[in-house]
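Residue-level listing of the chains:
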Number of protein chains: 2
Amino acid sequence: MIGIGEKMSTKTTAKRPAKKIAKMADDNARKDILRGLLKKTRFDKVRSMLEFNLQAGHAQDLQLPDGTVQIDDVDNSEAHSRLHMIIDSVIDQILTSGRPSVEVPKRSSSNIIYDEKNDLLLLGQETAIKAFHSLSSVTDITRLARVVQIIHDLLTEGIHGTKREIFYSDVDLFEEQGNSDAVIEDASALLHTTRNSTNIVASAKGVCIGRLRLRDKSDIIDCESLGSGGWGISPMLDNIEILESDAEFVLVVEKDAAVIRLTEDRWWKKYPCIIITAKGAADIATRMFLRRITKELRLPTFTLVDSDPYGHYIHSVYMRGSKRLSYETPFLATPNIHLLGVLARDLDEYKVPQKCRLKMDVQDIKRAKEMLDEEFIKNNKPWKEDLELMLARKEKAEIQALSQHGFKYLTDDYLPMKFSTGDWI
Amino acid sequence: MIGIGEKMSTKTTAKRPAKKIAKMADDNARKDILRGLLKKTRFDKVRSMLEFNLQAGHAQDLQLPDGTVQIDDVDNSEAHSRLHMIIDSVIDQILTSGRPSVEVPKRSSSNIIYDEKNDLLLLGQETAIKAFHSLSSVTDITRLARVVQIIHDLLTEGIHGTKREIFYSDVDLFEEQGNSDAVIEDASALLHTTRNSTNIVASAKGVCIGRLRLRDKSDIIDCESLGSGGWGISPMLDNIEILESDAEFVLVVEKDAAVIRLTEDRWWKKYPCIIITAKGAADIATRMFLRRITKELRLPTFTLVDSDPYGHYIHSVYMRGSKRLSYETPFLATPNIHLLGVLARDLDEYKVPQKCRLKMDVQDIKRAKEMLDEEFIKNNKPWKEDLELMLARKEKAEIQALSQHGFKYLTDDYLPMKFSTGDWI
């Protein structure tokens, strides 16, 4: 039986080359950069957050609490060597006991731990033993071995596959995609890595635009010079290197319609920022990409969502992840993200007329109540109050409702006012 | 009463500056370009199509049959002047008869005409008279006047709005979005322009990647150097200028998973092409963008979709538009697009095993039968045969099923073989 948790958790997480700004911020040049950045800042409250981030340990890796499993985002060669370690151990067991098995971290809800300090969902240390010699687990372990083999092939060839392709590569064995998906998650839990580290990726629908320069293999991409279209966020984030940025904050926008307004205005030229949208609910690649730029560039980050329970939920997914993906949470979550708006209290503050507000339906009310039951919202008084206000009024409104005041109200009035007054959650 | 059809239809369509390749291809330099392009071509059959397109009138505007309405894609100043013409006429009517009205082309199915020669759905010449003095049309005409005013504001400010924003800008009048949407379509029909010409845009979800250089206002975008992410297609296509390309064909891909394989491989470097995906069903901006590059660069264009009725339907929407948007068809459709695959006959030809094929469900069978009833499929024997084969077997398969033969089978075997043998519809 093999349990690799302890060995692996002592390794350092970051395998990527040090990034320009993150690295420079650690040395003597930090103050100069800081001075340069602050000179250009428009919003005092955002400036002090940026200053704090640059001086404090915001960019450090999270310290996970006891009883949780350390998962790493690793590069190709580290994933390879972990994989070989597992296989070597299986061979050893075959030679010594003749009864090989592997120990896979459990992904069931009983093994999900809420880390109050970091406000994150994490994977606990419960494991399941999958043995080749047991009738109850032989199918599972055979499928797992096949996926491990496929991952090995992907890593060796340096290419990426999707879950659907993995399923199709051995339909007889997997029978249906639910089975291969589950085993894919097991395989990355077994390696104590993110799924991205196994070169199995999901399709991405996000777009990034604004003050950011990236490298994708040999291509240098300047997200400021891509017109109003922006850069389609690649699902193969392991090939992406964040080069530099003179942005002072990141704005994550739920609705593409709001992004149209921002990009048409080239809003990032006036207000130095990076704009990201997943065009609706957050997909994995967009969340991972957001986390990376926020962490590496130490930027204050804000969401602009509809003023409804679903908008708040989207914000929460960027902030803390979803239960299903618990063991990847640290690589997907942006814990210090702020809910800029549209807040329930904004509807009066920014005079959204009654006729532009919508009635919450049964589903909305149910979701709002569920969210108010969550620990992380109970612990966040302003957020709790805003959801309670929304629920008391049973009213919601979309970002676009602000266009009641004119098409440029969002970019010329609402956002600058929100950022200037620091009126976020 | 005002009917502006005849006056407007005599105007020329293209208001954009002449594009480099399209223009050069018309003069003496054409043969040199052609020779240069052909030297690099990999696929004989694609080469002869490209040669034909460059020499023939493929890039000319469509000749619409009698009895249909000419719709133009116009620039800001032309849209402005058409709008003023309408308003001037209304003012004239107020001064002379005191009973102003406008004549709006009908958008109902009875006024949709199938143009057999060009294989397109077009808008007929039936009109509806909307009068201010009639109780039955006063609400409609008031809403229409308001939308015309909003369009005027958008054009004057040089900004774009979305349908949702238009609705929110006067909720009292429009009451629900269905009403403002209908009037928005009426307004562009009234102006005999595409909706894009009125600066009312829909959000875009497409991505473009490969051998194409664009300009978006002052930004030059090289779609070949955007890594694996690509350029997010902008919904504000009136700001986009197609600069140049050394692509020999365009490949439109339904599934993002297939795009991941193509981009990871930098497939356009080996096979000079432009890759476009709408990540599923085709949105308006992606269709309009595809039409423009196909037309301006005279490139042979192919779709790669799932081998199921929905995939064939997506292909048909790129090719001919959907009924709902009939009057914009000429600006959204790419009539000479070819269905490259995955064809029903490919499943045997490329040895997709039985276990990787899926059973067609009731919905699939219904859609396949509906498609076989369409004139444009009845007139296209190979397409008809392929759908009949699919229906006879009641089998479908996804693009990803090809990964049964290995993750690189799509890029290294299937696509090169299809293009080499000219095995498309």
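Quick caveat: nothing in here was measured; it's all calculated off a predicted structure.

Draft legend 1. Summary view of the overall build of chain A. Counting its secondary structure elements, chain A contains 19 helices and 17 strands. Relative to its 425 residues, chain A shows a buried fraction of 60%. The long-range fraction of contacts in chain A, counting pairs at least 24 apart against all pairs at least 6 apart in sequence, stands at 76%. If you sum the accessible surface of chain A, you get close to 16600 Å²; carbon and sulfur atoms cover 50% of it.

Draft legend 2. Spotlight on the packing of helix α6 (residues 138–157) of chain B against helix α9 (residues 177–190) of chain B. All names here are of chain B. Packing of α6 against α9 brings their axes to within 9 Å, and their N-to-C directions diverge by 70°. Classed by the angle they form, the pair α6 and α9 counts as roughly perpendicular. For the pair α6 and α9, the sense of crossing is right-handed. Residue-level contacts link Arg143, Leu144, Val147 and Ile151 of α6 to Asn179, Val183, Ile184, Asp186, Ala187 and Leu190 of α9. Here the residues of the contact of α6 with α9 are counted per class, giving 7 nonpolar, 1 polar and 2 charged.

Draft legend 3. Focus on the relation of the copies chain B and chain A. Least-squares fitting of chain B to chain A yields an RMSD of 0.0 Å, with the superposition described by an axial translation of 0.0 Å and a rotation of 180°. The superposition of one copy onto the other is thereby described by a two-fold rotation axis. Looking at the interface residues of chain B, 100% of them are also at the interface in chain A, so both copies use one shared face.

Draft legend 4. View of the interface of chain B and chain A. Contacts between the two partners involve 55 residues from chain B, matched on the other side by 55 residues from chain A. For the pair chain B and chain A, the two sides together bury roughly 4600 Å², of which 55% comes from carbon and sulfur. Contact with chain A buries area across many residues of chain B, yet B:Tyr168, B:Glu264 and B:Phe407 alone supply 16% of it, more than any other trio. Joining chain B to chain A, the criterion identifies 6 salt bridges. Notably, a salt bridge pairs B:Arg266 with A:Asp216, separated by 3.3 Å at the nearest N-O pair. On inspection of chain B and its partner chain A, the count reaches 25 residue pairs in polar contact (both at pLDDT 80 or more). For the side of chain B that touches chain A, the secondary-structure elements that each account for two or more residues are α6, β5 (161–162), α7 (163–169), α8 (171–174), β9 (219–222), β10 (231–232) and α10 (256–264) of chain B. Tallying contributions element by element places α10(B) first for the side of chain B that touches chain A, with 6 residues. A per-class count over the side of chain B that touches chain A returns 21 nonpolar, 17 polar and 17 charged.

Draft legend 5. Molecular detail of unusual backbone geometry. With an omega of 0°, the peptide bond running from A:Gly341 to A:Val342 counts as cis. Its location among the elements puts A:Val342 in the loop between β15 (337–341) and α15 (346–349). At B:Lys394, a residue that is not glycine, the phi angle is positive and equals roughly 55°. Of note, B:Lys394 is situated in the loop between α18 (381–393) and β17 (395–396).

Draft legend 6. Spotlight on the sheet that holds strand β9 (residues 219–222) of chain A. Residues and elements named next belong to chain A. Spatially, the 3 strands line up as an open sheet ordered β9-β8-β11, and their pairing is antiparallel. The sheet is open, and its two borders are formed by β9 and β11 (240–244), each paired with just one other strand. Taking the axes of each pair of neighbouring strands and ignoring which way they run, one obtains an average angle of 30° across the sheet. Strand direction decides the pairing type here: strand β8 (residues 213–216) and β11, joined by 4 bridges, are antiparallel. What sits directly across from Asp216, in β11, is Ile240. Of the strands in this sheet, β8 and β11 touch helix α12 (residues 284–297), which is tilted by about 35° from β11.

Draft legend 7. Structural view of the sheet that holds strand β11 (residues 240–244) of chain B. Residues and elements named next belong to chain B. The strand order across the open sheet formed by 3 strands is β9-β8-β11, and the pairing between neighbours is antiparallel. Taken across any chain shown, the strands that pair with only one partner, and hence form the sheet edges, are β9 and β11. Recorded for the sheet is a direction-independent mean angle of 30° between the axes of neighbouring strands. Bridge analysis of strand β8 (residues 213–216) against β9 gives 4 bridges, and the strand direction is antiparallel. Counted as the bridge partner of Asp216 is Asp219 from β9.

Draft legend 8. Spatial organisation of the pairing of strand β3 (residues 120–123) of chain B. All names here are of chain B. The two faces of β3 match: Leu120 and Leu122 on one face and Leu121 and Leu123 on the other face are all buried. Looking at chain direction, strand β2 (residues 112–115) and β3 are connected through 4 bridges and run antiparallel. The partner of Asp115 across the bridge, within β3, is Leu120.

Draft legend 9. Spatial organisation of the domain arrangement of chain A. Residues and elements named next belong to chain A. Taken domain by domain, chain A comprises domain 1 (76–201) and domain 2 (203–421). Computed over C-alpha atoms only, the centres of domain 1 and domain 2 are separated by 33 Å. In this assembly, 21 residues from domain 1 lie in contact with 26 residues from domain 2. Buried area between domain 1 and domain 2, summed over both chains or domains, comes out near 1900 Å², and the portion from carbon and sulfur atoms is 57%. The tally of links between domain 1 and domain 2 comes to 0 salt bridges.

Draft legend 10. Summary view of the side chain of B:Asp283. Residues and elements named next belong to chain B. In this structure, Asp283 sits in the loop between β13 (273–277) and α12 (284–297). One buried charged side chain, Asp283, makes no salt bridge at all; its nearest oppositely charged neighbour is Lys205, positioned 4.4 Å away. A polar contact of 3.3 Å, which involves the side chain of Asp283, links it to the backbone nitrogen of Ala285. Setting aside residues no more than four positions away along its own chain, Asp283 makes contact with Ser203, Ala204, Lys205, Gly206 and Ala278.

Draft legend 11. Fine view of helix α19 (residues 409–421) of chain B. Those residues of α19(B) that sit buried are B:Tyr409, B:Leu410, B:Thr411, B:Tyr414, B:Leu415, B:Pro416, B:Lys418 and B:Phe419. B:Gly422, located one to two residues past α19(B), shows a positive phi value of around 70°.

Draft legend 12. Geometry of the packing of aromatic side chains. One pass over the structure, following the stated rule, counts 32 aromatic pairs over all chains. Geometrically, the ring pair formed by A:Trp231 and A:Phe289 is tilted, given 5.8 Å between the ring centres and 50° between the ring planes. One end of the pair, A:Trp231, is in strand β10 (residues 231–232); the other, A:Phe289, is in helix α12, and 58 residues separate them in sequence. Assigned by exposure class, A:Trp231 and A:Phe289 land together as buried. It is B:Arg367 that lies over the ring of B:Tyr313; its NZ or CZ is 4.9 Å from the centre.

Conventions and cut-offs
Residues numbered from 1 in each chain as written. Chains lettered and ligands numbered in written order. Predicted model: local features only at pLDDT ≥ 70, side-chain atom pairs only at ≥ 80, totals over all residues. Heavy atoms only, no water. Helix = DSSP H or I, 4+ residues; strand = E, 2+ residues; numbered from the N terminus. Buried < 20%, exposed > 50% of the residue type's maximum accessible area, 1.4 Å probe, protein only. Contact = heavy atoms within 4.5 Å. Areas by Shrake-Rupley, 256 points an atom, 1.4 Å probe, with all protein chains shown as cover. Axes fitted to C-alpha atoms, helices over the stretch in contact; angles between N-to-C directions. Parallel < 35°, antiparallel > 145°, perpendicular 65-115°, else oblique. Left-handed = near helix turned anticlockwise from the far one by under 90°. Nonpolar A, V, L, I, M, F, W, Y, C, P; charged D, E, K, R; others polar. Least-squares fit on C-alpha atoms with pLDDT ≥ 70 in both. Buried area = accessible area lost by both parts, 1.4 Å probe. Salt bridge = Lys/Arg side-chain N within 4 Å of Asp/Glu carboxyl O. Polar contact = N/O pair within 3.5 Å; in protein donor to acceptor, adjacent residues only side chain to side chain. Pairing = 2+ DSSP bridges. Domains from an automatic or database assignment. Lys, Arg positive; Asp, Glu negative; His and termini not counted. Phe/Tyr/Trp six-rings, centres within 6.5 Å; stacked < 30°, edge-to-face > 60°. Lys NZ or Arg CZ within 6 Å of the ring centre and 35° of its normal.

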